[in-house]
Structures are given as structure tokens and as C-alpha cells.
Amino acid sequence: MTNPKFKITPLASTGETPTTQWLQNPKLRRVIVGVGGGIAAYKICEVVSALFKSGVEVKVILTNSAQKFITPLTLATLSRHPAYTDEMFWQSDRSRPLHIDLGEWADLILIAPVTANTLAKLAYGLADNLLANTVLASRCPVLLAPAMNTDMWEQAVVQRNWHQLLTDPRYHGIGTASGLLACDRVGAGRMAEPWEIIAYVQSLLHTAGQKDLAGKQVLISAGGTREYLDPVRFIGNPSTGKMGLALAQAALHRGANVTLVHGLATWEIPLGITAIPVVSASEMRSHMVRCLSNADVIIMSAAVADVKPRDYSPEKLAKKALPEALPLEPVPDIVAELAQIKQSHQRLIGFAAQTGDIVKPALEKLHRKNLDAIVANPVDEPGSGFGSDTNQAVFLDKQGQRFEIPPCSKLEMAHHIFDFLTPKLTD
Ligand SMILES: Cc1cc2nc3c(=O)[nH]c(=O)nc-3n(C[C@H](O)[C@H](O)[C@H](O)COP(=O)(O)O)c2cc1C
Ligand SMILES: CC(C)(COP(=O)(O)O)[C@@H](O)C(=O)NCCC(=O)NCCS
Ligand SMILES: [Mg+2]
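All values derive from a computational prediction rather than experimental measurement.

Peer 1: I'd like to hear about the pattern of salt bridges, residue by residue, with values.
Peer 2: Throughout the structure, instances matching the rule amount to 20 salt bridges. K369 is the partner of D333 in a salt bridge, and the nearest nitrogen-oxygen pair spans 3.0 Å. Taken together, the residues span a long stretch of sequence, with D333 in the loop between β16 (328-330) and α13 (334-341) and K369 in the loop between α14 (359-368) and β18 (373-378) at a distance of 36 residues. Residue D333 is classed as partly exposed on the basis of its relative accessible area of 38%. Salt-bridge contacts for D372 lead to K342; the nearest nitrogen and oxygen are separated by 3.2 Å. Of this pair, D372 sits in the loop between α14 and β18 while K342 is found in the loop between α13 and β17 (347-354), placing the two residues 30 residues apart along the sequence. Looking at D372, the relative accessible area reads 7%, which means it is buried.

Below, the structure written as C-alpha cells:
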């Protein structure tokens with residue numbers, strides 16, 4: 001059965017987790033979801049449903065233990081395919097072994113939750129069930145999202161298996177979060193959330209699992225800055241940092257080490273990203289300058305307030321004490337300063353949020369601030385700019401190359417930018 005391409009209505013934002021990022025035209029679209037026997041398996045129903053709705057074709061394999069937690073019927077119904085189990089693995093009415101068919105079919109295998117048991121099997125190449133056999137009978141990328149009790153996760157043998165597996169370029173790992181576990185412990189071992197897993201899958205379908213940013217340091221600024229007049233009033237802008245978040249996710253999923261300096265993000269930070277929250281432009285400046293020396297790629301997608309109130313009152317000003325005209329002064333021009341102090345091998349990309357003609361002012365900013373490239377972003381078009389989950393842009397570089405990024409998810413736009421930049425990076 002083929003999967004009709006559904007038109008996706010973006011999920012409503014809760015303001016706490018980023019909404020799911022969709023790729024409109026993933027190059028690859030066949031995903032096997034392998035489910036291990038852990039309580040976090042309950043979250044995989046949402047992943048399977050969301051992937052199906054995004055136009056991805058999904059087939060699910062459940063281990064015997066997974067079936068103690070969720071049923072094959074649920075996952076068969078959500079994926080619109082049979083849910084595959086060890087019982088089917090041993091059936092004698094097939095013309096070809098099931099694990100060979102499934103292994104050849106898959107563009108990507110997601111295993112979530114990965115149990116300590118399945119991790120050990122994968123690390124040692126054991127193959128005593130349908131899932132492990134399918135992994136060995138395929139060559140596509142494998143994305144692992146482990147979940148377990150903290151003591152289990154922190155066992156030397158489990159950590160050894162985890163790190164061992166990730167040395168194989170085929171494997172991508174999301175790692176675990178710290179927080180409340182089902183055994184009431186608070187610690188490491190929580191599975192990544194569905195929105196993180198889904199974005200990772202979408203990225204790997206775009207890149208075919210290429211870790212083309214492995215060993216690279218990517219420094220990104222995101223979100224709006226705030227310049228306070230007193231403790232309750234500020235000059236700011238509507239930037240939510242979603243574009244910077246998408247850039248950070250795309251770079252992470254391509255193997256980079258990512259540092260994200262962000263102004264007041266309302267969303268959770270994905271696992272694996274080093275995040276530095278800031279409020280004002282001068283705080284953002286000091287972190288960007290401090291982190292600059294290690295970076296191979298620097299992307300300034302933050303919307304920095306250009307000016308700040310000249311005077312700051314540490315006490316809330318009474319309404320009647322507010323001045324009629326607010327004296328302003330400029331804030332540091334972060335991108336211009338980074339352009340001045342960066343070395344020639346470092347690539348600096350700016351963003352220009354524009355209305356009306358987006359190209360002319362962006363080109364002017366590219367040259368005036370001596371950037372390597374600029375992303376001209378029409379903030380007055382529907383479905384692009386501040387707060388939206390989609391975007392569109394014109395990418396311009398200082399060599400005069402130019403390409404248009406049509407309306408797409410911010411994650412997809414981030415991948416278009418890295419598709420262009422990455423081959424040009426020096427080793
Ligand atoms: C209630 C319960 C919860 C469990 N949760 C986890 C878990 O979160 N992570 C894990 O690695 N194992 C967990 N286990 C143990 C696995 O189910 C067990 O190791 C099983 O053999 C895993 O099989 P599989 O890797 O084939 O799915 C849990 C077991 C029970 C009974
Ligand atoms: C179990 C759960 C998915 C619950 O998540 P939730 O608090 O978001 O509902 C999360 O705590 C998790 O991923 N835990 C790791 C696995 C675990 O707790 N295993 C059982 C410990 S014995
Ligand atoms: Mg500006």
C-alpha cells in the first residue's frame with residue numbers, strides 16, 4: 001500500500017516544545033521503526049502517526065518485549081502496514097525471508113526505545129530476533145533513541161556498547177535526557193521526545209545519513225534580544241528563534257558540534273546542543289565573540305534589537321515618570337564585529353529580515369558588513385518570518401552566487417543552506 005501525500009497542518013505550538021518540522025520533499029521516504037521493550041514505547045505511536053502524516057512510509061517491527069507495552073494492532077493501524085513481529089519472522093508461507101525484504105525496503109531504520117538488551121545485540125552483531133536481523137540485512141542509516149533507568153544507562157558496559165556503536169558511521173544516536181523516569185528516579189535515561197526524534201528522522205531522510213559536518217563546530221545565534229528600560233519594559237521584537245533552532249538541529253543531525261546562543265527561546269533545547277541563553281545584545285555579543293575562535297561556521301540568525309534605551313532604571317518606573325520621548329543609543333553590531341575578527345577559513349552567514357524588496361538591502365548588508373553570505377528573509381510574506389514554522393528566502397554569497405529557497409519548513413530551509421555551504425568548507 002502506498003502512502004498518499006497528506007497536506008500537513010502544523011501542530012499547534014504549546015510554547016514549550018518546538019512544533020514538528022516537516023520536510024516537504026524528502027529524497028528518501030521509507031522508514032522502519034523498530035520498537036524495543038521499554039515503557040517509553042508508548043511515545044512511539046505519536047512518532048509513527050506523525051511520520052505517516054508527513055508523507056513518510058512507515059513499517060513497524062516490534063520485539064517480543066515491546067508487545068508487552070504496546071500492541072501490534074495500534075502500530076499496524078497507525079502505519080497502514082502490518083506490524084511485524086518475531087512470530088511473522090518464523091512463518092513458512094513467505095517466498096523470501098521477512099528480514100531480507102524489510103532490510104532492502106528501508107531508507108532509514110529508527111529504533112526507539114532502544115533497550116539495554118537491543119543495544120548490546122547491535123553492538124555485538126547478534127541476530128536472534130526480527131529487528132536485529134533486519135538491521136544486519138540492511139545498509140541504510142540507523143537512528144537510535146535509547147531509554148532506560150539511570151543505573152542501567154550509566155553502567156560501564158551499556159556506555160561502552162553505546163559509544164562503540166556510534167563509531168560506525170551508519171549509526172546516529174539521540175542520547176538520553178535527564179528527568180523523571182517511570183521508576184520515579186530523576187536522572188539520565190529519558191528517551192528523547194517525539195518532536196526531536198521526528199526532526200532527526202526528517203533530517204536523515206534529507207541527507208541520507210551523511211555526516212558531512214562531522215568534526216565541524218557550528219555557532220548559531222537565534223531569537224530576539226531584549227533591551228530593558230526598567231525591570232518590566234523592554235525594546236524587543238517578535239523573533240522566536242525557530243529558524244536558529246532549525247539550523248542548530250540540521251547541523252547537529254549532519255554531525256556538527258553545535259553551540260546555540262539564544263535570546264529567550266520559549267522552546268526546549270534539543271539533546272546534543274550546547275545552549276547559552278542571553279537577554280541583551282551585549283550579552284549575545286560577548287558569548288558570540290568568546291565562542292568564535294573554535295567555530296568553522298557562524299550563522300547569525302538572531303534578530304538583535306538595533307537600539308536600547310540610553311538609561312536603565314533598576315526600579316520600575318511609575319507611569320507618570322515615563323519620558324515622552326525615549327532617548328536611545330545603539331547596541332553592539334555583533335555580525336559586523338564577528339566579520340572583522342574572524343579568520344579567513346571561518347564562514348560567517350548573516351540573516352536579513354526584510355519587507356518589500358528583500359534582495360537589494362540584503363546585498364548591501366552582505367558587502368557593508370563583509371559577510372561570506374546572507375539569507376534574505378521576507379518577513380512580510382504569509383508563512384514566513386517571525387514565529388512561523390515555515391520560511392522562504394533568497395541566499396546570496398559574496399562570490400555572487402544566488403539561489404532561492406521556496407516556501408518550506410524551517411528545518412528544510414536549514415538543510416538547503418548547509419547543502420550549499422558544507423561542500424565549500426575546508427578541512
Ligand atoms: C516494566 C518494565 C519496564 C522496562 N523498561 C525498560 C527500559 O526502559 N529500558 C530497558 O532497556 N529495558 C527495560 N525493561 C527491560 C526490557 O524489557 C528487557 O530487557 C527485555 O529483554 C528487552 O527486550 P528487547 O530489547 O528485545 O525489546 C523493562 C522491563 C519491564 C518489565
Ligand atoms: C517513561 C517515560 C517515557 C515517561 O515520560 P513522560 O514523563 O514524558 O510521560 C520517560 O520517563 C523515559 O523515557 N524514561 C526512560 C525509561 C524508563 O523510565 N524505564 C523504566 C525505568 S525502570
Ligand atoms: Mg539588525
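Right, picking up where we left off after that structure.
Peer 1: Explain the site of ligand 1 residue by residue, including any values.
Peer 2: Close to ligand 1 lie 14 residues; G37, T63, T115, A116 and T118 are nearest. Within the side chain of S65, a nitrogen or oxygen atom sits 2.9 Å from an oxygen atom of ligand 1. In the environment of ligand 1, an oxygen atom lies 3.0 Å from a nitrogen or oxygen atom belonging to the side chain of N117. Here the element with the most residues in the shell around ligand 1 is helix α6 (residues 116-124); it accounts for three residues. Residue composition of the shell around ligand 1, by class: six nonpolar, eight polar and no charged.

Peer 1: Describe in detail the pairing of strand β20 (residues 402-409), supporting the description with residues and values.
Peer 2: Inspection of the sheet shows strand β19 (residues 390-397) paired to β20 by six bridges, in the antiparallel sense. Looking at the pairing, L396 lines up with R402 of β20. Linking β19 back to β20 in an antiparallel pair, the connection comprises four residues, with G400 at a positive phi of about 95 degrees.

Peer 1: Describe the environment of R290, listing the residues and the values that go with them.
Peer 2: For R290, the location among the structural elements is in helix α12 (residues 281-292). What makes R290 exposed here is its relative accessible area of 52%. Within the local environment of R290, its side chain forms a polar contact with the side chain of H287, the two groups lying 2.9 Å apart.

Peer 1: Break down the packing of aromatic side chains for me, citing the residues and quoting the values.
Peer 2: Each aromatic ring pair is characterised by the separation of its centres together with the angle its planes make. On inspection of all chains with the given rule, the structure shows six aromatic pairs. Across from the ring centre of F52, 3.8 Å away, lies the NZ or CZ of R80, which sits over that ring.

Peer 1: Outline the site of ligand 2, listing residues and values.
Peer 2: The full set close to ligand 2 counts 14 residues, and Y42, K43, L180, R190 and M191 are the nearest of them. Contact distances for ligand 2 include 2.5 Å between an oxygen atom and a side-chain N or O atom of Y42. The side chain of K43 places a nitrogen or oxygen atom 2.7 Å from an oxygen atom of ligand 2. Look at ligand 2: alone it shows 550 Å² of surface, and the protein chains cover 74% of it.

Peer 1: Give a detailed account of a nonpolar patch on the surface, specifying residues and quantitative values.
Peer 2: A surface patch of nonpolar side chains, about 340 Å² in accessible area, is lined by I39, Y42 and F69. Position of Y42 among the secondary structure elements: in the loop between β1 (30-35) and α1 (44-53).

Peer 1: Quick one: what's the story with the UniProt feature "active site" (unreviewed entry) in the chain, residue by residue and with numbers?
Peer 2: UniProt's entry tags C183 with the feature "active site" (unreviewed entry), counted in the numbering of this structure. Locating C183 in the fold gives a position in the loop between β7 (177-180) and β8 (186-190). For C183, a relative accessible area of 43% translates into the label partly exposed.

Peer 1: So what about empty space enclosed by the protein? Which residues, and what values?
Peer 2: Tallied over the entire structure, the rule returns three cavities of 30 Å³ or more. Surrounding the largest cavity, I174, E196, A199, Y200, Q249, L252, H253, P270 and L271 form its lining. Its residues assigned to classes, the lining of the largest cavity comprises six nonpolar, two polar and one charged.

Peer 1: Describe in detail the environment of G125, supporting the description with residues and values.
Peer 2: Here G125 shows up in the loop between α6 and α7 (130-136). Separated by 10 residues in the primary sequence, G125 and V135 have C-alpha atoms spaced 9.2 Å apart.

Peer 1: If you had to explain unusual backbone geometry to someone new, which residues and values would you point to?
Peer 2: Cis geometry is found at the peptide bond from A112 to P113, where omega equals -10 degrees. With respect to the secondary-structure elements, P113 resides in strand β4 (residues 108-114). In this model, R80 sits at a positive phi of 60 degrees, which is unusual for a non-glycine residue. In this fold, R80 is placed in the loop between α3 (72-79) and β3 (83-84). Exposure remark for R80: the relative accessible area of 34% places this residue in the partly exposed category.

Conventions we followed
Residues numbered from 1 in each chain as written. Chains lettered and ligands numbered in written order. Predicted model: local features only at pLDDT ≥ 70, side-chain atom pairs only at ≥ 80, totals over all residues. Heavy atoms only, no water. Salt bridge = Lys/Arg side-chain N within 4 Å of Asp/Glu carboxyl O. Helix = DSSP H or I, 4+ residues; strand = E, 2+ residues; numbered from the N terminus. Buried < 20%, exposed > 50% of the residue type's maximum accessible area, 1.4 Å probe, protein only. Near = heavy atom within 4 Å. Polar contact = N/O pair within 3.5 Å; in protein donor to acceptor, adjacent residues only side chain to side chain. Nonpolar A, V, L, I, M, F, W, Y, C, P; charged D, E, K, R; others polar. Pairing = 2+ DSSP bridges. Phe/Tyr/Trp six-rings, centres within 6.5 Å; stacked < 30°, edge-to-face > 60°. Lys NZ or Arg CZ within 6 Å of the ring centre and 35° of its normal. Areas by Shrake-Rupley, 256 points an atom, 1.4 Å probe, with all protein chains shown as cover. Patch = residues over 30% accessible without salt bridge, like charges linked within 9 Å, V, L, I, M, F, W, Y side chains within 5 Å. UniProt positions renumbered as here; feature names shortened; annotations may be inferred. 1 Å grid on protein atoms, 1.4 Å probe; cavity = no way out; pocket = protein on both sides within 12 Å on 5 of 7 lines; lining within 4 Å. Points joined across faces, edges and corners; volume = space filled by probe spheres on them.

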